[in-house]
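Letter by letter, the chains look like this.
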Amino acid sequence: MNSWLWVWLGLALAVAATNHTPGGPDEAPDVATSSPKEGFEEAASDPEGDCPPADDQEVKMEFATTVVEHEYIVGFKNYYSKEARRGFIAAALNHSGVVKWTIVPRNNPAKHLPSDFDVLEIRETEPRRGLAALARHPQVRRVTPQRLVVRTLTYVNASDAEPAGAVIAPQGNKAFWHSTGRHNGRRLLKAVPRQVTSILQADTLWKQFGVTGKGVKVAIFDTGLKKGHPHFRRVKERTNWTTEKTLDDALGHGTFVAGVIASQAECLGFAPDAELHIFRVFTKKQSSFTSWFLDAFNYAILKRINILNLSIGGPDFMDQPFVDKVWELTANGVIMVSAIGNDGPLYGTLNNPADQMDVIGVGGINFEDQMARFSSRGMTTWELPAGYGRVKPDVVTYGSAVRGSNVAGGCKSLSGTSVASPVVAGAVALLVSAVLHRGSVINPASVKQALMASARRLPGVNMFEQGAGKLDLIKAYHVLSRYKPQASLSPSYVDLTECQYMWPYCTQPLYYTGMPTVINVTILNGMGVSGRIVDGPTWHPYTPQYGHHLRLAFSHSAVLWPWSGFLAVSVSVAEAAALWDGTVQGHVQLTVESPAEDGETEPRTSTVRLALKARIIPTPPRSKRILWDQYHNLRYPPGYFPRDILKMVSDPLDWNGDHIHTNFKDMYQSLRTNGYYVEVLGEPFTCFDAKHYGTLMIVDAEEEYFPEEAAKLRRDVDEGLSLLIFADWYNVVVMKKVKFYDENTREWWVPDTGGANLPALNDLLAAWGMAFSQQVVDGEFKFNGQTQSYASGTTLARFPKEGTVIRHSLRDQAAEIVDGLKKKVPDAAVLGLYQTRGAAAGGRIGLYGDSSCLDSSHMQKDCFNLLSALLHFTSSGHVPSTLTSEHVQPVTSELVLPERMEGSNLHRHSKVLKNGLDGQSTLPLPACARREWAHPSPVNQSGPSNLYQSAKLLSVGLESPILPLNAIRQDVLKSPQSGWPEPASGVGAVRMSAARRPPLPAYALIGLLTVSMFVVCYLYKQSRALMT
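Residues numbered from 1 in each chain as written. Predicted model: local features only at pLDDT ≥ 70, side-chain atom pairs only at ≥ 80, totals over all residues. Heavy atoms only, no water.

1. A closer look at the overall build of the protein
In step 1: Regarding its fold elements, the protein presents 24 helices and 37 strands.
In step 2: Looking at the protein residue by residue over its 1028 residues, the buried ones come to 60%.
In step 3: Counted over contacts in the protein with a minimum sequence separation of 6, partners at least 24 positions apart contribute 80%. (Helix = DSSP H or I, 4+ residues; strand = E, 2+ residues; numbered from the N terminus. Buried < 20%, exposed > 50% of the residue type's maximum accessible area, 1.4 Å probe, protein only. Contact = heavy atoms within 4.5 Å.)

So this is what it looks like as structure tokens:
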């Protein structure tokens, strides 16, 4: 018995020794001032921590920008002193006729430093003469309007939030159009007691290696942080970039974000020893200016910031000075992490700058690994109408019910992508601090590559929701520790048959004569800030898998800068496969080259492959093919294009792209379910062959039309093409009523069109004697036994007597908005059907005065059944029984037609109009795109059946097996350190040296020897006993 007691004692000693963490409290002489030590590690081991209970709140964020009247940002081609910049401006304006101009003073920490811009105020009757003179100056890069940025944060208890829907403002002569916060949503968020750092296993890096963020500079652009907050030990600098005389956080958002990144007490952050640089860029009223950000960004570059968290964003991707400065930041090695937006679950709601290729855009999930409803969805929309959007977000992580620091101390829980962003920023700070020795290998591209290659894909969620998948901190550490500089692609493969991840590509097969399918691939270049494609792209069809049935065309960035570029792949079907049915495969190959780094003699090169798989079917019949007009849809930015439903005062801008895969996604799914094939036209009407299509759909169109388009459309309809138009309101008096007056800029912001451009549509329809009216009506009626909503629609003013017109009694919404009167429109003509009399079998025309029932952005009740009935008419010529009722009456009285608004700025954003001395006129008709199809290089091989698993191994060089954490640590410690700031002396250095110790400490060896000795003695005694 005594022998066994000693055996167990030895085993306990061995286990205790092997579980001993190197760098523990007794091995860190300076823990009192700089180590996570006891409070840090104790809290990590206690899932509950010491945070007081707090109700979970969701951050409701509204973001808006307006142009500041008379103020312009003059960007220079280099950094110059204040005197030099003033000299350039004076020289440019000397002979321009502009006499009164002022450089707006900027009283912030960068005011005495060289800068690459100035804010100029010009109050002349013809300021554009001066602006043109400035733009011609050889040292001036660009002249753009100054913008006011307003972000409205509202904290809503998750249990109290209401479902998304209309917010109806008081109407009449009082303010009709005002802001109340963008979205509301009801959902129960599970209260999670654990720290988010524990869930993502940050404590593994803390405890095993003493990695806590030391040596990394993190900038937080937000609402500030009060001095001496007990949660933070390394606040290096607090700076104020606003006009208010305070550095403190009056709103609490900046404090919370800083806590998620670097809190060292209670609700723990990921990198408590990271050096925090707090940039206060928003006032107490939550307003800011582009110029404030530009100065603060310049200062961040000067301070050699490593990581910058921007938990803000908005739809204005055309604020060019801001976008330029983001590129400059990342070009200088700053890893920017930004929230993707809280405008989900609608698609096409990505926020800037998270939608930029060089920025890590972060979406949100809950602690059940489900996509958070609020998280914005892709695709990016600034490539429209001619191109197709890119995949965003890049990764997703926990953004629901996350606990962080409170202004007054203690903790609170918040939800939103502005919460998910600092989770990733804190994780990146922790990762970078673990690989500081790798120098320039760690850059914005390589970190993004590591995060995406290691992400865990969520099942049943598409790539425009989750990007590469859920953040996996430990796996990202493995990838980044063994990373080799190279190029990679996002998405890393294209499988047009893989649902759900490859939605929407997987929902519609390819066929001959179809519009080319465009896949917009992001190229990430971890070899250097700049690069170029030196070989390819080349198309390699797999002969055994019929890859020769595909035709591919490419366009790509001439220069990959900063750290990234695009590759647009257009996929079409060869004529030989017009009747073929099957799956095809192949791959695209290209080589990226970057300049040699210090100590290298040859340029860096990396060859990457994009595996491609698609399904081809025989060409569908003409009657089942629909062509969606994307070319004539305009949206914010750059202009003020209002929402189609006037009651939606909380979200007045039409900014989701009006694409079948963004805010018309549900309509698209309905059409596919009903057997229709939907293609997108991103060019004028002169660029498609009408004989392939049964119906051309024009929905919510804001653009004008070229005369050549109107003429061709008339011929196409005469020859059998059908036309289906869903319009919206257009009334000049109402448009003036819904304009904004901004108190800060003292400027009126007037819509450039109504819900749709009815004057342009009426010009298009004039050949058939049809027109929409300026009436704005609202209400409900019965269709096929179901209640149908008609929201801020228009009515028919002209229609042929031979046609079918359906009428319903609705409210006069224009009278309600303009005069505050409640009126009825008893026989509002809402729908018209007409069979044309062309030379051959003429096409059919269907007109409906409201598109909001197809638009998911603020849909009250969908009208997909009505759409199906209308398409039955346009494809077959038969009027369904559901469209013949007692409400069918011809248009007898002629209503007033809408007229174009005088002084409209539509020409500034139009692809059709130009503004001259003699008024507005049309631009020359652009040439149709001519794709240069790549010459195929067939390969006699078969591709893998699962492209995801294959591409995952090739994404960032994970050919080697993943080693245990200890093995990785021993390997990376042997490499020299260079490039990044040296880790400060203290606990970090002590623990790193401790990590060099043998994996089996002396105590463990003694314990095992003791156990072995007593086991041998026990066995010897037992054998002697048996012998006797």
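2. A short note on helix H11 (residues 417-434)
In step 1: Given a rise of 1.5 Å per residue, 18 residues ought to cover 26 Å, and the 26 Å separating the end C-alpha atoms of H11 matches this to within 8%.
In step 2: The buried fraction of H11 amounts to 18 of the 18 residues, a majority that puts the element mostly inside the structure. (Expected span 1.5 Å × (residues − 1).)

3. Quick look at the side chain of Ser488
In step 1: The topology assignment puts Ser488 in strand S15 (residues 487-490).
In step 2: For Ser488, a relative accessible area of 8% puts it in the buried group.
In step 3: Among the polar contacts listed, one links the side chain of Ser488 to the side chain of Gln449, at a separation of 2.9 Å. (Polar contact = N/O pair within 3.5 Å; in protein donor to acceptor, adjacent residues only side chain to side chain.)

4. Re empty space enclosed by the protein
In step 1: Applying the stated rule across the entire model yields ten cavities of 30 Å³ or more.
In step 2: Taken together, 13 residues line the largest cavity, and the ones lying closest to its centre are Gly75, Asp116, Arg141, Pro321 and Asp324.
In step 3: Residue assignment for the lining of the largest cavity shows that the elements contributing at least two residues are strand S1 (56-80), strand S3 (115-122), strand S4 (140-157) and helix H10 (320-331).
In step 4: The element contributing the most residues to the lining of the largest cavity is H10, with four residues. (1 Å grid on protein atoms, 1.4 Å probe; cavity = no way out; pocket = protein on both sides within 12 Å on 5 of 7 lines; lining within 4 Å. Points joined across faces, edges and corners; volume = space filled by probe spheres on them.)

5. Comments concerning the sheet that holds strand S24 (residues 677-681)
In step 1: Strand order in the open sheet formed by nine strands is S24-S23-S25-S26-S35-S34-S33-S30-S31, with mixed pairing between adjacent strands. Looking at which strands have only one partner, the edges of the open sheet turn out to be S24 and strand S31 (786-793). Strand-to-strand twist of the sheet, defined as the mean angle between neighbouring strand axes without regard to direction, takes the value 25 degrees.
In step 2: Where strand S30 (residues 777-783) lies against S31, six bridges are found, and the strand directions are antiparallel. Following the sheet pairing, Phe783 is matched in S31 by Gln786.
In step 3: Contacts from helix H18 (residues 758-765) reach strand S25 (695-699), strand S26 (722-726) and strand S35 (844-848), with the element oriented near 160 degrees to S26.
In step 4: Here helix H20 (residues 864-876) sits on the sheet in contact with strand S23 (625-629), S25, S26, S30, S31, strand S34 (824-835) and S35, set at roughly 155 degrees to S26. (Pairing = 2+ DSSP bridges. Axes fitted to C-alpha atoms, helices over the stretch in contact; angles between N-to-C directions.)

6. Details of the state of the cysteines
In step 1: Scanning the entire structure with this criterion turns up four disulfides.
In step 2: Each disulfide pairs two cysteine sulfurs, and for Cys499 the partner residue is Cys506, the sulfurs being separated by 1.9 Å. Judged by the torsion about the S-S bond (100 degrees), the Cys499/Cys506 disulfide is right-handed.
In step 3: On the basis of relative accessibility, which here comes to 14%, the residue Cys506 falls in the buried class.
In step 4: Between Cys853 and Cys863 runs a disulfide, and the two sulfur atoms are separated by 2.1 Å. Where Cys853 bonds to Cys863 through sulfur, the torsion about that S-S bond is close to 60 degrees, and the disulfide is right-handed. Here Cys863 lies in the loop between S35 and H20 and Cys853 lies in the loop between S35 and H20, a separation of ten residues in the sequence.
In step 5: The class for Cys853 is buried, based on a relative accessible area of 2%.
In step 6: The buried category is assigned to Cys863, whose relative accessible area is 1%. (Disulfide = S-S within 2.5 Å.)

7. A word on the confidence of the model for the protein
In step 1: Mean pLDDT for the protein: 83, with 78% of residues reaching 70 or above.
In step 2: Scored below 50 in pLDDT, residues 159-193 makes 86 contacts in the model with residues more than four places away or belonging to other chains.
In step 3: Counted against residues more than four places away or in other chains, residues 742-746, with its pLDDT under 50, gives eleven contacts. (pLDDT = per-residue confidence, 0-100.)

8. Quick word on the sheet that holds strand S17 (residues 517-525)
In step 1: An order of S15-S17-S20-S19 is seen for the four strands of this open sheet, with the pairing classed as antiparallel. Of all the strands in the sheet, just S15 and strand S19 (550-556) have a single pairing partner and so form its edges. Across the sheet, the axes of successive neighbouring strands diverge by a mean angle of 30 degrees, strand direction being ignored.
In step 2: Summarising the sheet, S17 and strand S20 (residues 564-573) pair through eight bridges and their orientation is antiparallel. Counted as the bridge partner of Ile523 is Gly565 from S20.
In step 3: Across the sheet, helix H12 (residues 444-454) touches S15 and S17, and the angle it forms with S17 is around 120 degrees.

9. Here we look at the side chain of Thr212
In step 1: Here Thr212 lies in the loop between helix H7 (202-209) and strand S5 (217-222).
In step 2: Within the structure, Thr212 has its side chain in polar contact with the side chain of Asp273 (distance 2.7 Å).

10. Focus: the pairing of S3
In step 1: The buried fraction of S3 is high, at seven of eight residues.
In step 2: Across three bridges, the pairing between strand S2 (residues 101-103) and S3 is antiparallel. Residue Ile103 lies in a different strand from S3, and its bridge partner there is Leu120.

11. Things to note about the packing of helix H8 (residues 253-262) against H11
In step 1: Running from N to C, H8 and H11 cross one another at 35 degrees; their axes reach a closest spacing of 8 Å. In terms of crossing hand, the pair formed by H8 and H11 is right-handed. Contacts between H8 and H11 involve His253, Phe256, Val257, Val260 and Ile261 from the former and Ser418, Val419, Pro422, Val423, Ala425 and Gly426 from the latter.
In step 2: Taken together, the residues that form the contact of H8 with H11 break down as eight nonpolar, three polar and no charged. (Left-handed = near helix turned anticlockwise from the far one by under 90°. Nonpolar A, V, L, I, M, F, W, Y, C, P; charged D, E, K, R; others polar.)

12. Quick word on the pattern of salt bridges
In step 1: Tallied over the full model, the rule gives 34 salt bridges.
In step 2: Note that Arg142 is salt-bridged to Asp324, the shortest N-O span being 2.2 Å. Taken together, the positions of Arg142 in strand S4 and Asp324 in helix H10 put the pair 182 residues apart, joining distant regions of the chain.
In step 3: Glu816 serves as the salt-bridge partner of Lys822, at 3.7 Å between the closest nitrogen and oxygen.
In step 4: With a relative accessible area of 76%, Lys822 lands in the exposed category.
In step 5: It is possible to trace a salt-bridge network through shared partners that takes in Arg85, Arg106, Asp118 and Asp295. (Salt bridge = Lys/Arg side-chain N within 4 Å of Asp/Glu carboxyl O.)

13. Thoughts on the pairing of strand S33 (residues 804-812)
In step 1: Burial analysis of S33 places seven of its nine residues in the buried class, which makes it a mostly covered element.
In step 2: For S33 and S34, the ladder comprises seven bridges, and the chain directions are antiparallel. The partner of Leu810 across the bridge, within S34, is Val825.

14. Re the environment of Pro707
In step 1: Turning to its location among the elements, Pro707 is positioned in helix H16 (residues 707-718).
In step 2: Between the C-alpha atom of Pro707 and that of Leu764, which follows or precedes it by 57 residues, the distance is 8.8 Å.

15. What about the packing of helix H15 (residues 665-673) against H20?
In step 1: Orientation of H15 relative to H20, taken along the N-to-C sense of each, is 50 degrees, at an axis distance of 11 Å. Of the possible angle classes, the one that applies to H15 and H20 is oblique. Crossing handedness for the pair H15 and H20: right-handed. Across the interface between the two elements, Asp666, Met667, Ser670 and Leu671 from H15 touch Phe864, Leu867 and Leu871 from H20.
In step 2: Of the residues that constitute the contact of H15 with H20, the class distribution is five nonpolar, one polar and one charged. (Parallel < 35°, antiparallel > 145°, perpendicular 65-115°, else oblique.)

16. Things to note about the packing of aromatic side chains
In step 1: Applying the stated criterion across every chain yields a total of 28 aromatic pairs.
In step 2: Here the aromatic rings of Phe289 and Trp292 are separated by 5.1 Å at their centres, their planes lie at 70 degrees, and the arrangement is edge-to-face.
In step 3: For the ring pair Tyr388 and Tyr505, a centre distance of 5.6 Å and an interplane angle of 50 degrees mean the geometry is tilted. Taken together, the residues Tyr388 in the loop between strand S11 (360-365) and strand S12 (395-398) and Tyr505 in the loop between strand S16 (493-495) and S17 connect sequence positions 117 residues apart.
In step 4: For Tyr388, a relative accessible area of 9% corresponds to the buried category.
In step 5: Taken together through their ring pairs, the aromatic side chains of Phe221, Trp241, Phe279, Phe282, Phe293, Phe297, Tyr299 and Phe322 make up a single cluster.
In step 6: Against the face of Trp933 rests Arg551, its NZ or CZ located 4.3 Å from the ring centre.
In step 7: Between the NZ or CZ atom of Lys712 and the centre of the ring of Phe688, over which it lies, the distance is 4.0 Å. (Phe/Tyr/Trp six-rings, centres within 6.5 Å; stacked < 30°, edge-to-face > 60°. Lys NZ or Arg CZ within 6 Å of the ring centre and 35° of its normal.)

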